[in-house]
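Coordinates in review
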Amino acid sequence: MLLLKTANYINGIVRIIIIAPVPERFINLCTARGIYLWGITKHNDEIVAFIRLADYFRIRPIARISQARVRAEGYKGLPFVVKKLKQRRTLIVGGIMFLLLL
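All of these numbers come straight from a predicted model, not from anything done at the bench. (Residues numbered from 1 in each chain as written. Predicted model: local features only at pLDDT ≥ 70, side-chain atom pairs only at ≥ 80, totals over all residues. Heavy atoms only, no water.)

Describing the pattern of salt bridges
The condition is simple: The term salt bridge refers to a pairing of a side-chain nitrogen on Lys or Arg with a carboxyl oxygen on Asp or Glu at a separation within 4 Å. For every residue, the accessible area obtained with a 1.4 Å probe (protein chains only) is divided by the maximum for its type, and the residue is called buried under 20%, exposed over 50%, and partly exposed between those limits.
Applying the stated criterion across every chain, the model contains three salt bridges. Put simply, Asp55 and Arg52 hold a salt bridge, and the shortest N to O gap is 3.5 Å. Among the residues examined, Arg52 registers a relative accessible area of 27% and is labelled partly exposed. A salt bridge links Arg58 to Asp55, with the shortest nitrogen-to-oxygen separation between them at 3.0 Å. On the basis of relative accessible area, Asp55 is assigned to the buried category, the value being 6%. In this structure, a network of salt bridges that share partners links the residues Arg52, Asp55 and Arg58.

Some details on the packing of aromatic side chains
Going by this rule: A pair of Phe, Tyr and Trp rings is counted when the ring centres sit within 6.5 Å of each other, with Trp represented by its six-membered ring. The angle between the planes then sorts it: under 30 degrees is stacked, over 60 is edge-to-face, the rest tilted. A run of DSSP states H or I qualifies as a helix once it reaches four residues; a run of E qualifies as a strand once it reaches two. Both are numbered from the N-terminal end.
Enumeration according to the criterion identifies four aromatic pairs in this entry. On the basis of an interplanar angle of 20 degrees and a centroid distance of 5.5 Å, the ring pair of Tyr36 and Trp38 is categorised as stacked. Owing to a relative accessible area of 42%, Tyr36 belongs among the partly exposed residues under this scheme. Considering the side-chain rings of Trp38 and Phe50, the 6.3 Å spacing of their centres and the 20 degrees angle between planes classify their relative orientation as stacked. Residue Trp38 is found in strand E2 (residues 37-43), and its partner Phe50 is found in strand E3 (residues 46-52); the two are separated by twelve residues along the sequence. A network of ring pairs unites the aromatic residues Tyr36, Trp38 and Phe50 as a single cluster.

A short note on the confidence of the model for the protein chain
In plain terms, the rule: Looking at any residue, its pLDDT shows the predictor's confidence there, from 0 to 100.
Per-chain confidence: the protein chain averages 90 in pLDDT, with 100% of residues scoring 70 or above. Per-element averaging of pLDDT across the protein chain places helix H1 (residues 2-11) at the bottom with 86 and strand E1 (residues 13-19) at the top with 94.

Details of the environment of Gly12
So the rule is basically this: Note on contacts: a residue pair qualifies if any of its non-hydrogen atoms lie within 4.5 Å across the two residues.
Mapping Gly12 onto the fold places it in the loop between H1 and E1. Separated by 41 residues in sequence, Gly12 and Leu53 have C-alpha atoms that sit 5.2 Å apart. Those residues within four positions of Gly12 in sequence are excluded, and the remaining contacts are Ile51, Arg52, Leu53, Lys76, Gly77, Pro79 and Phe80.

A closer look at the nonpolar core
Condition: In these notes, a set of buried Ala, Val, Leu, Ile, Met, Phe, Trp, Tyr and Cys residues joined through side-chain atoms within 4.5 Å is what counts as a nonpolar core.
Residues Ile16, Phe26, Cys30, Leu37, Ile51 and Ile59 are the most contacted members of the largest nonpolar core, which totals 17 residues. Residues in contact with Leu37, not counting those within four places in the same chain, are Ile16, Ile27, Cys30, Ala49, Phe50 and Ile51.

Let's talk about the pairing of E2
Put simply, the rule reads: Strand pairing follows a simple DSSP-based rule, namely that at least 2 bridges must link the two strands.
Note that E2 and E3 share five bridges and pair antiparallel. The residue bridging Leu37 from the neighbouring strand is Ile51, located in E3.

Digging into the environment of Gly74
For Gly74, the position within the fold is in strand E4 (residues 69-76). On the basis of relative accessible area, Gly74 is assigned to the partly exposed category, the value being 23%. If near-sequence neighbours (up to four positions away) are discounted, Gly74 is found in contact with Ile13, Val14 and Arg15.

And the structure:
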């Protein structure tokens, strides 16, 4: 369990919102194609689920087939932390210089 959570964090996790006439069809098509969804909850007419970042790019054709709209709501994981740190290079360099001078 811990190994799976760690692997998902390293690869990146996307929280998605699925809006479809029959959202169960979308979920079944994802399962049939080997795309793993977890934490599936229903809020009003929307389905909220978590998916791996690599699988997020594979669900586009499935969304077309099932006439679903999929929207990314939140991102977690190492790829997104690295992206944020790349945007703050000066902060990282300043922190390293501070530790070296200390």
